[in-house]
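What follows is each chain in one-letter form.
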Amino acid sequence: MTDTLTKLAYQTVQQGKSAFGLAHKTLSAQMLSFFSPAPEDRQTDSLPVDVLALIRQRLNILLETDWHDAEQGVYPAELLFDNPWDDFFRFYPLLVMDMPAIWERAKQKRHQDFDKAINTEAYPSYYLQNFHHQTNGYLSDLSANLYDLQVEILFNGSADAMRRRVLAPLKQGLAAFSTVLPSQLRVLDVACGTGRTLRFVRGILPQASLYGTDLSPAYLRKANHHLSQLPGELPQLAQANAEELPYQDGYFHGITCVFLFHELPPAARQAVIDQCFRVLKPGGTLVICDSIQESDSPEFAVTMRNFPKMFHEPYYRHYVTDDLVKRLETSGFTVEPTVTHFMSKYWVAHKPV
Ligand SMILES: C[S@@+](CC[C@H](N)C(=O)[O-])C[C@H]1O[C@@H](n2cnc3c(N)ncnc32)[C@H](O)[C@@H]1O
């Protein structure tokens, strides 16, 4: 009975988030086409009815899987309800107020537009982009405050369910270290952003030492704010380029990396994978979650074409054809068959013993 009620509550919350995401996107698309019609190169293809039905179906399957994993004890059911509602009420108005500036920048094709007060010197040039047309890219506190909301809206409230899909393979991978005390396990989340994935990893590993790196000081501040509210040891956060991880060789038992690779140029993708290989222990596991690609999801070709037109994503077109399995094997990993969930794809790679 409790399970039935919990499932019902989860489904209701998800339906609400999905309806809200859809309503926001429909309204903002109408306002955008009225105030700032897209030039030809940004016009998107409309989604055929069968693709829309498939999207709905895959979203439902993702939510069923999310529920099933919680029910099976892969993670506590509380994680299903880990929604930053305070942020939603506080920052949704700011997100709406930021929209005209976003439209204007998109219209004028200003894709590397940063306030003068922001010091951009310390970053790789590929990073200095207004990804998703975000005001000041990843380099402001406003951007960090709005990011989770923007991603939730983009994925109709399913971003966290996709992030949680790294937990089962991570847990399975860590089973290789069954003789290590839970408090001695070390897990790193590369490009941790605002810390959503680390919150979920903490849910399955209450005693482990958790680490997170990101290039954005503002996103790390936000991650620190959220993660410091959790019981247990505070994850150690460090500002670092994922191409040069500041850890010694063989330090981690597990590594996760969520939604980073589509925002990297090809050479950086390889460099990040090489670094993950270096800092993993032999027998350690890397779990990558990122966008679906052309090879596994041809039925969503139209959404993959539309995505970089609607959101500034300069490396996405190359990403959707990039063979990450080959890249992982080049670094020395053995790679499990990839899987997809809704709009995301997963690579589980092991460093040979
Ligand atoms: C799309 S966000 C994903 C954030 C987070 N993992 C999530 O699940 O929401 C991409 C993140 O990667 C970070 N990033 C991009 N390039 C990076 C690099 N070379 N090194 C470290 N972090 C990077 C950005 O600052 C941003 O926080």
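Just so it is clear, the model here is predicted, and its values are computed rather than measured. (Residues numbered from 1 in each chain as written. Predicted model: local features only at pLDDT ≥ 70, side-chain atom pairs only at ≥ 80, totals over all residues.)

Chemist: An account of the overall build of the chain is requested, with residue identities and associated values reported.
Modeler: The secondary structure content of the chain amounts to twelve helices and eight strands. Taken over the C-alpha trace, the chain has a radius of gyration of 20 Å; the compact-globule value for 353 residues is 20 Å, and the two agree within 12%. In terms of overall dimensions, the chain has a C-alpha envelope of 60 × 55 × 40 Å along the principal axes. In the chain, which comprises 353 residues, the proportion classed as buried is 39%. Excluding contacts between residues fewer than 6 apart, the proportion of contacts in the chain whose partners are at least 24 apart in sequence is 74%. (Helix = DSSP H or I, 4+ residues; strand = E, 2+ residues; numbered from the N terminus. Rg over C-alpha atoms; globule rule 2.2 N^0.38 Å. Buried ≥ 20, exposed ≤ 12 C-beta atoms within 10 Å, placed from the backbone. Contact = placed C-beta atoms within 7 Å.)

Chemist: Tell me about helix 3 (residues 85-107), and please be specific about residues and values.
Modeler: If you check helix 3, its first and last C-alpha atoms are 32 Å apart, about what 23 residues at 1.5 Å a residue would give, namely 33 Å. Maximal helix bending in helix 3 amounts to about 45°, located at Phe91; proline Pro93 follows within four positions. Taken together, the buried positions of helix 3 are Phe91, Ile102 and Ala106. Contacts made by the buried residues of helix 3 are with helix 4 (141-154). Phi for Lys109, located one or two positions after helix 3, is positive at around 55°. (Expected span 1.5 Å × (residues − 1). Bend = angle between axes of the 7 residues up to and from the residue.)

Chemist: An account of helix 7 (residues 196-204) is needed here, citing residue identities and associated values.
Modeler: Counting buried residues along helix 7, seven of its nine residues qualify, which places the element largely inside the surrounding structure. Taken as a whole, helix 7 has its buried residues at Arg196, Thr197, Leu198, Arg199, Phe200, Val201 and Arg202.

Chemist: Which residues make up the pairing of strand 5 (residues 280-291), and what are the values?
Modeler: Counting buried residues in strand 5 gives nine out of twelve residues, a clear majority hidden from the surface. Bridging between strand 4 (residues 252-258) and strand 5 involves six bridges; their strand directions are parallel. Among the inter-strand pairings, Gly254 is bridged to a residue of strand 5, identified as Thr285. With respect to chirality, the unit in which strand 4 leads through helix 9 (residues 266-279) into the neighbouring parallel strand 5 is right-handed. As judged from the seven bridges shared by strand 5 and strand 8 (residues 344-350), these two strands associate in the antiparallel manner. If you follow Ser291 over to strand 8, its bridge partner there is Ser344. (Pairing = 2+ DSSP bridges. Right-handed = clockwise from strand over helix to strand, strands pointing away.)

Chemist: Any details on unusual backbone geometry? Residues and values, ideally.
Modeler: Keep in mind that most residues, glycine aside, have a negative phi and that most peptide bonds are trans. In this structure, Lys109 is a non-glycine residue whose phi angle is positive, near 55°. For Lys109, the position within the fold is in the loop between helix 3 and helix 4.

Chemist: Help me get a handle on the site of the ligand, residues and values and all.
Modeler: Taken together, 20 residues lie near the ligand, and Ala191, Gly193, Ser216, Ala242 and Val258 sit nearest. In this structure, the shell around the ligand is formed jointly by two domains, domain 1 (2-159) and domain 2 (169-350), each of which donates at least three residues. (Near = placed C-beta within 6 Å. Domains from an automatic or database assignment.)

Just geometry here; none of it tells us what the structure is for.
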